[in-house]
Amino acid sequence: MTADALIEAPSGGLLNQRTTEKIVVLGTSTGGTQALEAVLCELPVNAPPIAIVQHMPEKFTAAFAARLDSLCNIAAQMADG
């Protein structure tokens, strides 16, 4: 596996950017909270950064992030946005 990434330049062209940086991106729907918890709680503290898109009512997202932070080896927090 390579770490090649194509990044779109502001002019609309493509730049071939080589990188060793890694990020994990996960997306789950409303019913995926238990699966997400199970996966995240198995990760070591030195896991690469993870961006999560979780389909969930807005009032529950902060509590869910706090729960993950208390249960998992990795730090979890809600992104500002």
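Structure shown above.
Residues numbered from 1 in each chain as written. Predicted model: local features only at pLDDT ≥ 70, side-chain atom pairs only at ≥ 80, totals over all residues. Heavy atoms only, no water.

**Things to note about the overall build of the protein chain**
The line we're drawing: A run of DSSP states H or I qualifies as a helix once it reaches four residues; a run of E qualifies as a strand once it reaches two. Both are numbered from the N-terminal end. In what follows, residue pairs with any heavy atoms lying within 4.5 Å of each other are defined as contacts. Per-residue and other accessible areas follow the Shrake-Rupley method at a 1.4 Å probe size, with only the shown protein chains counted as cover for residues.
Scanning the protein chain for helices and strands turns up two helices and four strands. Secondary structure elements in the protein chain, listed N-terminal to C-terminal, are β-β-β-α-β-α. If you take every contact in the protein chain between residues at least 6 apart in sequence, the share linking residues at least 24 apart comes to 50%. As presented, the protein chain carries roughly 6,500 Å² of accessible surface, and 57% of it is formed by carbon and sulfur atoms.

**A few points about the side chain of Thr61**
Under the convention used in this document: The definition of a polar contact used here is a pair of N or O atoms within 3.5 Å, where within protein one atom must be able to donate a hydrogen and the other to accept one, and adjacent residues in sequence count solely through side-chain atom pairs.
Tracing the chain through its elements places Thr61 in helix α2 (residues 58-71). There is a polar contact of 3.0 Å between the side chain of Thr61 and the backbone oxygen of Glu58. Sequence-distant contacts of Thr61, defined by excluding residues within four places in its chain, comprise Met56 and Met78.

**Details of the nonpolar core**
Let me state the cut-off plainly: To define a nonpolar core, start from buried Ala, Val, Leu, Ile, Met, Phe, Trp, Tyr and Cys residues and group those joined through side-chain atoms within 4.5 Å. For every residue, the accessible area (1.4 Å probe, protein chains only) is compared with the maximum for its type, and the residue is labelled buried under 20%, exposed over 50%, or partly exposed between those bounds.
One finds Leu36, Leu40, Ala47, Phe64, Leu68, Cys72 and Ile74 forming the largest nonpolar core, which totals seven residues. Setting aside residues no more than four positions away along its own chain, Leu36 makes contact with Leu26, Thr28, Ile52, Gln54 and Phe64.

**What to know about the pairing of strand β3 (residues 24-28)**
Condition: Strands qualify as paired when DSSP identifies two bridges or more between them. Place the viewer so that the strands point away; then a crossover is right-handed whenever the path from the first strand over the helix to the second strand goes clockwise.
Direction of pairing for β3 relative to strand β4 (residues 50-54): parallel, over a ladder of five bridges. Bridging across to β4, Gly27 finds its partner in Val53. Each parallel crossover has a hand, and for β3 linked through helix α1 (residues 33-41) to β4 it is right-handed.

**So, the packing of α1 against α2**
The condition is simple: To get an axis, a line is fitted to the C-alpha atoms, and for a helix only the part in contact is used. The angle between two axes follows their N-to-C directions and goes from 0 to 180 degrees. Here the word oblique covers every angle except those under 35 degrees (roughly parallel), over 145 (roughly antiparallel) and from 65 to 115 (roughly perpendicular). Crossing handedness is defined as follows: a turn of the near helix away from the far one that is anticlockwise and smaller than a right angle gives a left-handed crossing, while the clockwise case is right-handed.
For the pair α1 and α2, interaxial distance at closest approach is 10 Å and the crossing angle is 30°. As far as their axial angle goes, α2 and α1 are roughly parallel. Helix-helix and strand crossings are classified by hand; for α1 and α2 the assignment is right-handed. Between α1 and α2, the residues in contact are Thr33, Leu36, Glu37, Leu40 and Cys41 and Phe64, Arg67, Leu68 and Leu71, respectively.

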